[in-house]
Amino acid sequence: AKSSGQKVQDDDFGIVDISSGIRMLRYYQWRGVESGKDEQEKEAKLQKPPTLPSCAKQQHSLWGCRSVALACGVDLVNLRTCFLQYDKDQVLAVGDNNYDGSNNVPNIDKPIPCREQQRLLGECVNRNAAELEQRLKERRKKKKEQHA
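Since we're looking at a predicted model, the values are computed, not measured. (Residues numbered from 1 in each chain as written. Predicted model: local features only at pLDDT ≥ 70, side-chain atom pairs only at ≥ 80, totals over all residues. Heavy atoms only, no water.)

K.L.:
Go over the state of the cysteines, please, and point to the residues and values.
P.N.:
Per the stated rule, a full pass over the model turns up two disulfides. Sulfur-sulfur distance for the disulfide between C72 and C124 comes to 2.1 Å. Where C72 bonds to C124 through sulfur, the torsion about that S-S bond is close to -90°, and the disulfide is left-handed. Linking C72 in the loop between α3 (56–69) and α4 (73–83) with C124 in helix α6 (residues 115–147), this pair joins segments that are 52 residues apart in sequence. Here C124 falls in the buried class, since its relative accessible area comes to 6%. (Disulfide = S-S within 2.5 Å. Helix = DSSP H or I, 4+ residues; strand = E, 2+ residues; numbered from the N terminus. Buried < 20%, exposed > 50% of the residue type's maximum accessible area, 1.4 Å probe, protein only.)

K.L.:
Please give an account of the pattern of salt bridges that cites residues and values.
P.N.:
Within the structure shown, the criterion is met by two salt bridges. Measuring nitrogen to oxygen at the nearest pair gives 2.2 Å for the salt bridge that ties E116 to R119. Taken together, the residues span about one helical turn, with E116 and R119 both in helix α6 at a distance of three residues. R119 gets classed as buried once you look at its relative accessible area, which sits at 17%. With a shortest N-O distance of 2.3 Å, R119 and E123 are connected by a salt bridge. Of this pair, R119 and E123 both sit in helix α6, four residues apart, which is roughly one turn of that helix. Since its relative accessible area comes to 38%, E123 is described here as partly exposed. (Salt bridge = Lys/Arg side-chain N within 4 Å of Asp/Glu carboxyl O.)

In structure tokens, the structure reads:
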């Protein structure tokens, strides 16, 4: 539990309870990194009323973990490189993502940062997951035939 004097960071919406989630937040540099703002700006930010958390961090971290598990590291590095071109708040303010490739038309009101990189990472994850599933089915089938 956090002491009353310890500041609750916006990273603390459940994802930090999972070690792989922490790794993804660190990988995207969304945890434990202070921007170069002066003290007055930091204080003003703390004075803002709290907003409801989106699941953007969790979604990006989930896809990051999937990409590592399914050998899509190149696409993950490309996504991270793109994310680093934006302010953390710009990326996380958009509650939508494009990992499934359904957001191919840019939204002028709320554009998805790194939309194309998200789509490519999602394609790699889905393709490799399908290939893995196929290999598992084939292995089970062979095993079943051997025991018959």
